[in-house]
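Spelled out from the first residue to the last, the chains are:
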Amino acid sequence: MQKIIKIQWLTLGLLCSISMLTFAEASLDEVYTKLISAWEKQKTIKADVGADASIPVNDVKLKLKGIGELLIKRDADKEKFAQKLSAFPASLVESGNSSLLNNPFAKATVIFDGTEFFVTYQLLNNSDTIKTSPDITKGAIPIGGKKMFDIVKEKMNITVGPETEWDGKKMINLKLEPKEGQSGDFSSANVLMDPDLGIIRRLEIIGKDQTPMFTCEYKNVKTGVDIPDETFQIPASTITPPPASGQ
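Below: a short report on this structure. (Residues numbered from 1 in each chain as written. Predicted model: local features only at pLDDT ≥ 70, side-chain atom pairs only at ≥ 80, totals over all residues. Heavy atoms only, no water.)

Quick word on the layout of surface pockets
Note the following rule: Using a 1 Å grid laid over the protein atoms alone, points where a 1.4 Å probe fits but cannot get out form a cavity; open sets with protein on both sides within 12 Å along at least 5 of 7 lines form a pocket; any residue with an atom within 4 Å of a point counts as lining. Grid points are joined across faces, edges and corners, and a volume is the space filled by probe spheres set on the points. Put simply, DSSP H or I for four residues or longer makes a helix, DSSP E for two residues or longer makes a strand, and each gets a number counted from the N terminus. Under the scheme applied here, ten amino acids are nonpolar (Ala, Val, Leu, Ile, Met, Phe, Trp, Tyr, Cys and Pro), four are charged (Asp, Glu, Lys and Arg), and all others, including Gly, are polar.
Reported here for the largest pocket is a volume of approximately 1600 Å³. For the lining of the largest pocket, the element with the most residues is strand β1 (residues 44-57), which contributes seven residues. A class-by-class count of the residues in the lining of the largest pocket yields 33 nonpolar, ten polar and seven charged.

Some thoughts on a nonpolar patch on the surface
Put simply, the test is: A patch consists of residues whose relative accessible area exceeds 30% and which take part in no salt bridge; residues with like charges are grouped when within 9 Å of each other, and nonpolar side chains (Val, Leu, Ile, Met, Phe, Trp, Tyr) when within 5 Å. All accessibility values rest on the Shrake-Rupley procedure with a 1.4 Å probe; residue burial counts only the protein chains present in the view. Any carboxyl oxygen of Asp or Glu that lies within 4 Å of a side-chain nitrogen of Lys or Arg is treated as forming a salt bridge with it. Three exposure classes are used, based on accessible area relative to the maximum for each residue type with a 1.4 Å probe and protein chains only: buried under 20%, partly exposed in between, and exposed over 50%.
Judged by side-chain polarity, I55, V57, V60, L62, F105, L123 and L124 come together as a nonpolar surface patch covering roughly 610 Å² of accessible area. Going through the elements one at a time, β1 and β2 (60-75) are the ones with two or more residues in the nonpolar patch. Turning to its location among the elements, L123 is positioned in strand β5 (residues 117-123). Among the residues examined, L123 registers a relative accessible area of 44% and is labelled partly exposed.

Let's talk about the nonpolar core
The tendency in soluble globular proteins is for nonpolar side chains to be buried side by side. Put simply, the rule is: Side-chain atoms within 4.5 Å link the members of a nonpolar core, which is a set of buried Ala, Val, Leu, Ile, Met, Phe, Trp, Tyr and Cys residues. Between two residues, a contact is recorded if the distance between any of their heavy atoms is within 4.5 Å.
Within the largest apolar cluster, 42 residues are counted, with the highest numbers of intra-cluster contacts made by F149 and I200. Element by element, the count of residues in this core is highest for helix α1 (residues 2-40), at six residues. When near neighbours in sequence (up to four residues on either side) are disregarded, F149 contacts Y32, L35, I36, I158, L174 and M193. In terms of nonpolar packing, the next biggest core, distinct from the first, is built from five residues, L71, A82, I111 and F232 among them.

Quick look at the structure:
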């Protein structure tokens, strides 16, 4: 009798496990469909960008805050975005003296032409533009859409968490973890996505020491705004880095 009961419990447990796996997969597919559909309804999007980064310098971590804007323009399956950030030592931003923000520590402009990323870094009087293909391990991914998910799924496992209230709205909560064999400077990422716009609204990168190393937030989002085409003009002088060894 005990043996029969034990088999029944094992069978029930197995069925529950299969049901949970099936539900999780269906839920993830449902999330993809919802977010991609929302993204494809957008034409133009503008948002304020705020970022926090912790950069190791010698034996200490330099804390920086970034302030800027995000501009997105979609035309059928062609999607472009430009993100501009000015970086300051966190202590200056937190001081409340706005005049200190006239001289950023560094600037970064990221332009995605629908295929490649063009990242321009400006530090003091030096400026370089680097061309790179989309890659989640390099932090180079579109802000939304099928292309974003295809790039992320290539190297990351994605799980859906409970809805999260943020910026006055319920967001879709995703966790990204590198697939086996994938290396990078981070251990995981937490992503909040807007169910009505299909875009990332908050991205948190967790380092190998399990502490946040980079956070980016998009607020004051506006849709249907006029964005001139020259916003996405690619710098004439662009460096294409050599492929990594072994590729």
